[in-house]
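# Structure at a glance
One-letter residues, chain by chain:
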Amino acid sequence: MATWSPTPPHKKYGVAIDNYVSKLPCGVNLQIGETVQILEECAGWYRGFSLRNKEKKGVFPASYVHLKEAKVENIGQYETVSPVENPTVLEVTSVLREWGQMWKRLYVERHSQLFHTVKKLMLELIQMRRQLMSGTLTQDQIRELKLRITSKIDWGNRKLGLDLVPRIDGEVVDVDRTSAVQLYQVHIRSQQDTQNSSSRGTVRKSKKKVLSHHLYFILKNFACNVGEDTDIFFSLYDAIENKFISERFHVKLTKNGLPVNVERLHSLSAFFIDLGNQDLARELYMVAHIFRIGKMVYSSGESKKSSVQYRRPYGCAVMSIQEVLVAQADQSEGQEDKEFLMKVYSCNNENEMWQLHENIIRKQLGKVNLQGSSYGMVVSMSLLHGELAQVRQENAFLFNKGVTLVRKLGFSDVIMPGDIRNDLYVTLERAEFEKGGKTTGKNVEVTMVVLGEDGEVLQECISLGEGELYTSEYQSYVLYHNNNPRWGETIKLAVPIDKFYGSHLRFEFRHCSTKDKDVKKLFAFAFTPLMIGDGTTLQDRQHELFVYKCEENVKFHSPAMYLTNLPSSGEDTIGTIGLSEGGATFPRSPKETFVISTVVCSTKLTQNVDLLGLLKWKAHPDRVQDTLQRLTRVDGEDIVKFLHDILDTLFAIMDENTEKYGKQVFQVLVFIIDMLHSEKFQHFREVLDTYIQKHFAGALVYKELIASFKRTLDTSVTSGMDKQEQAQNMLKAIEYIFKFIIQSRVLYGRATCGQEAESFKDDFMTMFTSINRVLAQPVEALLQVQVTLLKYFHSIYDELLRLFDLHEVARFIANAVDSIPLDHNMTLLNQTKLKCIEHTIKANIFRETVSRAILLSTCLRHLSHHMRQKQELKLGVAAVGDIIILIQELSHDQSMSSVVQENVQLLVDSLLELMFQGVMTIDRTGEVAGHYVSCLIGLLGLMNEEHYRCLLEGLTDRKKLRDFLLRIFIVFRELVKQDHFPRDWVTMRMLTNNVVLTALQYFSQALTETFLFMFDQQLWSSYFGLAVAFLTQASLQLESFTEAKRNKILEKYCDMRVPMGFEILSMWQSLGEHKLNFLPGMVGSFLEISLVPETELRKALIPVFHDMMECEQATRGSFKEVECEMIDKLDILISQDKGDDEYRELFHSILLDRVQIENADWQETAGSFVNSMTRLLERLLDYRHVMKGSENRDKRMGCTVSLLHFYHSDIQREEMYIRYIYKLHDMHKEAENYTEAGFTLLLHAHMLNWTCLMLPDDEWYPRQQERERKEKIYVMVIEYFDKGKSWENGIPLCKELAEQYEKKSFEYAKLSHILQTQAHFFENILTELRPERPFYRVGYYGKKFPFFLRNKTFVYQGQPYEKIQDFSQRLQTEFPNASFMTHNLPLDDEVINSDVEYIQICKATPVPNDSEILQDQTVPEKIASYYRANNIDTFIFDRPVHKGGKDENLFKNMWLERTIMVTTSTLPGILKWFEVKSVQVVEISPIETAIQTMDNMNKELRSLIHQHTTDQTRGVQILSMRLNGVIDAAVNGGISKYQEAFFEDDYINAHPEDQQLVQRLKGLVMEQVSVLESGLAIHGKLAPAEVVPLHRKMVEMFTAMKASLAGQNSPSLWHTQKRLSVASAPGALGQRSSSIPSIPPSPEKKPASPLSKSLQSPLFPVKTTTSKTYAISTQPPASVPTTPASAVAPSPLLPEKRRNSTPNTNNTPADTPVNQSVPTHVSRDSVLRHGSDPSLGITRTQSPDRTDNILTRSMDVIPYGTTNRHPGTGSQNSPRSSWAGPTVGPPIPPRTGLKGGFSLNSTTTSSASSITSSVSQAGGDDSVPPALPARVKRASAVSLQSLDSGLAPSPPLTPNRAVPTPASLQSSDTSSISSTSSTDTNGSVDSSTVPPIPPKPSKVRPLPPVPTTLEPQVSKSFGRQGPQPAFFDCTPLVPAKSGQTPRIPEIPEGSQSVYMSPSSVYMFPTSVYMSPSSVSLSSPPPLVEKKKNQQATAQQTYKSVPRPVPTPRKSVSDNR
């Protein structure tokens, strides 16, 4: 059997190559790319763990893992494995993992720009990582790639807000081998590098001054059809000075455009090198001159090639170099150089060729001709920076292509040593020739050759341009027929230096005839020597040469014939004899001239006479002194060219006569050395060093040099400023003076075997004595000399070590520094001295142990002095930092341990205390602060146990030790704050923390040993404060870091909070009896420590609180102070995002266990305290959890109220209570909940009295009297109530303030103002419109909810006009993870205790408290409507329950289950919602429901009649609709259904106990007849002419109704008809009578029985209206019988206003409905009495203390229905419909015989029986018809209100009144133009929904006859057809998955709808104004017949946006 065995080192580390999902209990899942550490192996399996989750160990297949080489440390149980890979690759891997997590978060948080930026950067890093691992790159490429990678990483980290990575040359710093000072410096540089990174992640070039630049040029394509071979010359041109500044780059091309040299086919490139900064500042252009090589006159038709080739001008192209610089700045790293098109121009006159480029640049387009827009040359250019050697090294691949180097015309700004040049540049400027008797000019060609002294032509020394071979002669281009040619062409001559002297140039002029082909005739020549008679070369200027006539003959080829006899120019000194002799052979015409210009660029030849005089000094010894004096005026370029020769000459002169020339030679030597310090010649210092080491031979000059040096230095002390200036110049050259002295002495010693050594040492000591004397002079006049000496003093250290030992040199240096007085006040001298000390520390001599022992003391003495005086801290700290860096480096060498120990001790003794003092007083914002702190950290890091011991032992005095420790604790606390370092310097911060932690462990021992017995509370408090600050600092909160960052810190430092926490615990336990001194002050500190999310630390520290409680209990008899402090601090700390549920559980369990075990006497008190604190923790954690995000605003308010009550009721903490009052106030104010903000402030106001007691100031109010504060709060509250339109709540406050102003304070001005405010409030109540706010019951179930919501039920007050859909969406946003339940059935324990969030929502109906106001019919509706919806704490909702068997008339067995909820406070209040504190469930019988419905309708009708009686100007639209709805009930069958259900003998016999109820219902029916009589009477008087037909029809139908009720024996019915007949007479219709009949009293006037009282209770809310959408069809279905048109009732008037789904509480008395959800005359007490009255048939009640089993499935009451009629067309005795099966209400009568052929259709796909069966099931369980979607169960297309007769309150509609626009319809909270019933999602009844008002057309149109067919359109909300019972007042949402917002279905635009009102069917196209007599309809949509289409249509139901307006169709009965 195979066994597990440990894996060898090469199998310890691997990477998953595929995803692995383990099915084993001990398996580990792997993801591709995941790294694993392998512990054991067995038979193809590995056991180990993923490095992402080291805690979970398990097995995984070996085949899924690719092994990688790794380094294993500490093999065994604690082994660590790290891959052996390139560090950069590992860093990229780690960075990609870390960025990957943040990248996903960027997507979630919608940071789009940064998301895409990081994505691009990650892809680039992946690609570069792949390149780095490929192994195919060179070392240079790898180095460059690493720099690019690290640059991108640093840039990305900065953009993502990650930590700065300290780097040195791209490599991450090793913190273990780096001191804190060096780490600080690296951070500074890394931060600068990161900031210099571009947005593309590439490093911008450093701003370090670069002196040399090089332009890289490539010719990529030549797209010009020249037709012949071509020469192209590229050169740089300065457009400002109009001159070329570079040589020419020559490219030769064939006529096909290919290089003549095939090898250069792909390498037509060049470097224009050695451009200086001044050159780039010029207006530079790249100029290309193009010449064709061929015939004189080009003909494209000739193919024969001429034997004689001429250079002829073709064109020119230019391009600005600035375009290159701009393009290069814009291009990305690694992107290829941008290509440019240089367009080619030709000149109109070829004689302008010499200035064609100027004309192009100046855009003189009249002189140039563009060859073509697409013709030209494609080139690319880029600029590289740095010395040429550096550029060549960094871009070796460019130079490997055979690139051509093109130099400048002259020396560059920086002349490099070894740069040997000997070039002469000749430019052919112009010439003038005579015509010679010809009419046309000559075709002149110039041939130039270089002839040596012997007359022979020098071979291959002429270059037309770089890039092509040198030639022996030059031939100019030919200008056609031009005797005055201008060329402007520059030629380079490379004449060897040995042949330069005696050589000359000869220019031969030939005429190229076009007649005599292949003939070039010589006709003249000119010449010039290269050197003139004094040995200098031609001057750099123009030269006008003489032109001599000649022919091709032998004499011409003999140079002696003209050199010896003829002058070359007017400046030539050859006499006239030679001129005459030569003139006979070569005649000269004065009119002919030839002009050239020359430039000499040579390191061997000079044009300076003075320099030649020095070099040839022996020829004129008498001129030496003058020559030496004039040498200082020679240009530096000439000096450095001949530096070697000049120095040899100078020392030769010094050796010749030291006394005569020594001083002057010394001055010249100083001048030369000083010149080499300039930037232009600094590179020649290497030449000088080489000269001293290898060529200098002055063995005796050291004596004169020492003497001259000493003499100059001594003279500066006693002489004037001129001598001091000489001394300064000499001291600048002190380095090389000493080098000459030392080298001379070395040479002398070698020659003499060390003779005169003592003499030399004495002379040297005298020189240092002079140096010390100068430094010791505190004279202002010598300041510059002293500064210069100290500035360059360090440069001689290494040279001194060549002749002296370390001790002697260290002593020289120490004496020189110590000679400077410490007490002088010359700032500049101090600065220079500190810089000299810094240079000394960095010098090699300081690294040596012997010399450092001397120099360290000297340096520390001066540094400590300046740091103590706070002088030049920056320089002093820098020097100290250099010392610490050096000692840190030496500490890694074990052999240096003893020396390092001594050096560190010296540092501690000299600087430690000073540095502690400095950190306390230094300006943190200054640039020195960070460096200062890093020095302190570095010094502490160098200290070991021995150093700490010596330090503390040195502080023998207790007071000194106390002050020292106190200072240390203060400094450490400052360091812990980390203000000295940026937040992203995590490496620096962690190093600081580690050092502080180590130091504290040593200092805590001294604290315990010395200051415990003799207790010092201040010192101990300071220690504890420091320890707490250390442990709670942000830098150590590892849980807030990314996983990568956390792992790095843990790997390097572990969790430093743990050792510090246990250190604090140890110190606390050692206090003993002194613990009481820290109570309660230390409670908060320990609480803060214990909140650190480290489990072990929490377990160790939480018992400390019991210790504190016990300590205070034993001493003071209680632990009240500990309790108060803990409450205060806990509130603050939790709000700072500290603590979690784990802490709460640990706190409760640990402390409760300790209390129960150890506290017998005060166990109960302590246990209660622990429980209270646990509850507080729970509430505070919930509060913190919802503090962020606007979607959590309501949660924050709920949490705040929870805390508010806890502080007020549980622990009575008034100050905390007030604090949270104002937090809640601020939230309400921000949310504009002004009413709630006012109630919140009243909580504080009620705590105050009207007294003059002075109250202290706080964060909200200044110091003031109690009455003033209360008054101020009242004023604020009144203002809030005014903004919230809650004027009724503000009036009592106004009255209270008025009483105070009038009777107490007598402030009549304020009294006047407050009374005006009060009056304004009263006025607003009656005039201002106040929006309706619905109420919703919301239940939160599941353990995932916060404590204040968990398994609780609340009643919410919604926003104005807010639908339940909008309310649900708002909650879904607040609880995105919650699941919204689609039913309101009671929930079981499984749901309540689950870990899922469940929410139940339904509509709640308020039960008014103030019934007296509502019972008074004279109270204005504006006032009554307020009390119906305000100050409410009782709410109800209903759901249907079927009892008994099924019946065709559902009214017989439909019960209502009513839930009564009482909230903890009235609404509105301090919140918009309150918890339900008690629940009661009652059941309402069917007959009681009918009584309630009838009673409410009668009251509404009486109210409308009263309104029209008192105000006859009101429109009658609402009254018409109500009357018509009651008289012509077309939906539910009206009163007949109630008669059938309750008035039959069968019902009375079956329910004898309901006889009184039956009589009551009968009485209400008779009462309604009386009310209708009065209503028709007033309607007849007020109805306008267009309503008269409707009125007549209502009168007819009313008469028919009374006839049907004749069996009820009501005499009043017949009396009514008489009055109606009179009122409806034609003559009376238009009259208005002042005598309006009063409303007859109710038939029954007996006292109300308990039953009748209950029927009047608010437990029977009345639904005012619902709406149902129908489609109009012109074809009646076959199944529906038809009747004559007279059976059709008229449609009611449309309302003018849109109504909310809840009662409108802001209607004026003229348009306010009476039938609100609760009867206006019913008292609140009757509601509660009804819930317990057994006579009502109540079957069960709900326990008031349970809220989780509330029956939330609501049902509206069952209304009665009447038949709808159209005026003048129908009869009330029409037969009933032939609907199969039982019906919900009375069947809809058949509609036939209508004009236009319309008919009313019944359901198409679902029968009435199926509808009825579904209704009958709805009350008992949660069953749903099969056709419905699963989550749209209890839905209904037509509510019972649709069957009701006239319950909808509708405002009047006048023709001149504006109607809502579609946009307003969308925003209003009314029934949409959709096929929805006015019910909410969860079944509660909506009490005031009315159909929306259509837009008003320009002309009122009469209502047409109702179509013959009315097809019930498919219920798009529930997927059903036909009239369906609206048992649920809900608008169901489209089901949403958990975590998603419920989607509100939408209505398809453009559909035609017909709405079922409570009393009638009326047409409502979106664009038609509904008049009493007609309506225009568009064609209906097709009927949806299939069930699958029903469900599809159901998804589009609830679209709240109004549909497009259809075009009205003219009906048959249109009056127009």
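Going along each chain's sequence as written, the residues are numbered from 1 onward. Residues qualify for local features only when their pLDDT is at least 70, as the model is predicted, and side-chain atom pairs are given and counted only at 80 or more; totals for whole chains, interfaces and linings, by contrast, use all residues. Side-chain numbers here rest on the full set of heavy atoms in the structure, without hydrogens or water.

A separate point is the overall build of the protein. Note on conventions: DSSP H or I runs of at least 4 residues are helices, E runs of at least 2 residues are strands, and numbering of each starts at the N terminus. The number of helices and strands found in the protein is 65 helices and 44 strands. Taking all 2016 residues of the protein together, 58% fall into the buried category. Note on contacts: a residue pair is in contact if any heavy atoms of the two residues lie within 4.5 Å. Contacts in the protein between residues at least 24 apart in sequence constitute 77% of all its contacts with a sequence separation of at least 6. Exposure was quantified through the Shrake-Rupley algorithm and a 1.4 Å probe, taking into account, for residues, occlusion by the shown protein chains and nothing else. Taken as a whole, the protein presents about 83,500 Å² of accessible surface, with 50% of it coming from carbon and sulfur. Here's how the labels work: a residue is buried when its accessible area is under 20% of the maximum for its type, exposed when over 50%, partly exposed in between, all with a 1.4 Å probe on protein chains only.

As a further point, take helix α52 (residues 1421-1429). Most of α52 sits inside the fold, with seven of its nine residues counted as buried. Every buried residue of α52 is accounted for by E1421, K1422, A1424, S1425, Y1426, R1428 and A1429.

Counting buried residues along strand β23 (residues 422-432), nine of its 11 residues qualify, which places the element largely inside the surrounding structure. Summarising the sheet, β23 and strand β31 (residues 588-602) pair through 10 bridges and their orientation is antiparallel. Across the sheet, residue E432 finds its bridge partner in β31, namely T593. A pair of strands counts as paired when DSSP detects no fewer than two bridges linking them.

Attention shifts here to the nonpolar core. Throughout this description, the term nonpolar core refers to a set of buried Ala, Val, Leu, Ile, Met, Phe, Trp, Tyr and Cys residues connected via side-chain atoms within 4.5 Å. If you look at the biggest cluster of nonpolar residues, it comprises 310 residues, and the most contacted ones within it are F709, F972, F1003, F1024 and Y1207. The element that contributes the greatest number of residues to this core is helix α33 (residues 986-1011), accounting for 13 residues. Leaving out residues up to four positions away in the same chain, F972 has contacts with F916, L940, V996, A999, L1000, F1003 and L1026. Among the nonpolar cores identified, the runner-up in size contains 50 residues, and C316, V318, F433 and V446 belong to it.

Ring geometry is summarised as follows: Phe, Tyr and Trp rings, the Trp one being its six-membered ring, pair when their centres sit within 6.5 Å, and such pairs are stacked at plane angles under 30 degrees, edge-to-face over 60 and tilted between the two. Across all of its chains, the model carries 82 aromatic pairs by this definition. Ring plane angle 45 degrees and centroid distance 5.6 Å describe the contact between F760 and F764, whose orientation is recorded as tilted. A residue pair is termed a helical-turn pair when its members lie 3 or 4 positions apart in one helix, as F760 and F764 do in helix α22 (residues 757-776) at four residues. When sorted by exposure, F760 lands in the same class as F764, which is buried. Aromatic pair F1119 and W1162: ring centres 5.6 Å apart, planes at 50 degrees, arrangement tilted.

A few words now on helix α54 (residues 1517-1527). Within α54, 11 of the 11 residues are buried, leaving the element largely enclosed by the surrounding structure. Along α54, the positions that sit buried rather than exposed are Q1517, I1518, L1519, S1520, M1521, R1522, L1523, N1524, G1525, V1526 and I1527. Tucked into the core, α54 has its buried residues touching α53 (1486-1510), α57 (1555-1582) and α58 (1588-1604).

Below, the discussion takes up the packing of helix α2 (residues 112-134) against helix α3 (residues 139-159). Where α2 meets α3, the axes come as close as 10 Å, and the angle between the chain directions of the two elements is 155 degrees. With respect to α3, the element α2 is oriented roughly antiparallel. Viewed along their axes, α2 and α3 form a crossing whose handedness is left-handed. Taking contact as the criterion, the partners of L114, T117, L121, E124, L125, M128, Q131 and L132 in α2 are, on α3, I142, L145, K146, R148, I149, K152, I153, W155, G156 and K159. Looking at the contact of α2 with α3 residue by residue, the classes come out as 10 nonpolar, three polar and five charged. Between the N-to-C directions of two axes lies an angle of 0 to 180 degrees, each axis being a line fitted to C-alpha atoms and, for a helix, fitted only over the stretch in contact. Here is the rule for angles: anything less than 35 degrees is roughly parallel, anything more than 145 is roughly antiparallel, 65 through 115 is roughly perpendicular, and the remaining ranges are oblique. Two helices crossing with the near one rotated counterclockwise from the far one by less than a right angle form a left-handed crossing, whereas a clockwise rotation gives a right-handed crossing. By the convention adopted, Pro, Cys, Tyr, Trp, Phe, Met, Ile, Leu, Val and Ala count as nonpolar, Lys, Arg, Asp and Glu as charged, and the other residues, Gly among them, as polar.

Contact pair helix α23 (residues 783-792) / helix α26 (residues 827-842): the axes reach a minimum separation of 9 Å and the direction vectors enclose 10 degrees. One way to sum up the angle between α23 and α26 is to call them roughly parallel. When the axes of α23 and α26 are compared, the crossing they make is left-handed. Within the contact between the two elements, α23 uses L783, Q784, Q786, V787, L790 and K791 and α26 uses L828, L829, T832, K833 and C836. Taken together, the residues of the contact of α23 with α26 break down into six nonpolar, three polar and two charged.

Another aspect to go through is the sheet that holds strand β11 (residues 213-223). Sheet architecture is open: five strands sit in the order β18-β21-β11-β15-β22, paired in mixed fashion. In this open sheet, the two strands that pair with only one neighbour each are β18 (339-343) and β22 (404-406). Averaged over neighbouring strand pairs, the angle between their axes works out to 30 degrees when direction is ignored.

As a note on interpretation, predicted positions should not be read in detail where pLDDT is low. Per-residue confidence from the predictor is reported as pLDDT, a score between 0 and 100. Chain-level statistics for the protein give a pLDDT mean of 76 and a share of 76% at 70 or above. Ignoring residues within four places in sequence, the model shows residues 575-582, a span with pLDDT below 50, making nine contacts including any to other chains. Counting interchain partners and residues more than four positions distant, the pLDDT-below-50 stretch residues 1609-2016 has 1256 contacts.

Considering the arrangement of structural elements, one finds Q1357 in strand β35 (residues 1352-1357). Of the residues examined, Q1357 reaches a relative accessible area of 6% and is grouped as buried. Beyond its immediate stretch of four places on either side in the chain, Q1357 contacts E1236, R1333, P1334, F1335, A1429, L1467, P1468 and K1472.

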